[in-house]
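# Architecture and fold: a report
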Amino acid sequence: MRLLVRLSATGLVALLCLGAATAAPAAVSGAGPSAVTPARTCGPGGTPALIAKRVRCLHTGAACDRTLETDYRRYGFTCVARRLRRG
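Model, not experiment: these values are computed from the prediction.

What follows is about the pairing of strand E3 (residues 77-80). Alignment of E3 against strand E4 (residues 83-86), held across 4 bridges, turns out to be antiparallel. Bridging from a neighbouring strand, Thr78 pairs with Arg85 of E4.

Here is the structure:
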């Protein structure tokens, strides 16, 4: 029984360390899109982006929110008439 508890505790510690190691680089670097690469593949013509702290695929003509204009510009898009445009 002790061996089982020891293995469980060791496994838990290893899991916590692994979780902290994978979360640390994203938390430490906050300098923009080059610092955080969204782990998502988008379809043809799509651009993976971190918009309002969420990973999104940006496509020309997709719906957008004017209040997030600075996020869109970081990836080369602009919000015009509630639709995304390049530029």
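It is worth spelling out the nonpolar core at this point. Judged by nonpolar contacts, Ala49, Ile51, Leu58, Cys64, Tyr72, Tyr75, Phe77, Cys79 and Leu84 together constitute the single largest core of 9 residues. Only strand E1 (47-51) and E3 provide two or more residues apiece to this core. The residues contacting Leu58, other than those within four sequence positions of it, are Gly45, Gly46, Thr47, Ala49, Ile51, Tyr72, Tyr75, Phe77 and Leu84.

Once that is clear, we can look at the state of the cysteines. Tallied over the full model, the rule gives 2 disulfides. Bridging Cys64 to Cys79, the disulfide has an S-S length of 2.0 Å. Judged by the torsion about the S-S bond (85°), the Cys64/Cys79 disulfide is right-handed. Residue Cys64 is located in the loop between strand E2 (54-58) and helix H2 (69-74), and its partner Cys79 is located in strand E3; the two are separated by 15 residues in the primary sequence. For Cys79, a relative accessible area of 2% corresponds to the buried category. Once the bonded cysteines of the protein are numbered in order along the sequence, the disulfide links fall as 1-2, 3-4.

Criteria and thresholds
- Residues numbered from 1 in each chain as written.
- Predicted model: local features only at pLDDT ≥ 70, side-chain atom pairs only at ≥ 80, totals over all residues.
- Heavy atoms only, no water.
- Pairing = 2+ DSSP bridges.
- Helix = DSSP H or I, 4+ residues; strand = E, 2+ residues; numbered from the N terminus.
- Core = buried A, V, L, I, M, F, W, Y, C linked by side-chain atoms within 4.5 Å.
- Buried < 20%, exposed > 50% of the residue type's maximum accessible area, 1.4 Å probe, protein only.
- Contact = heavy atoms within 4.5 Å.
- Disulfide = S-S within 2.5 Å.

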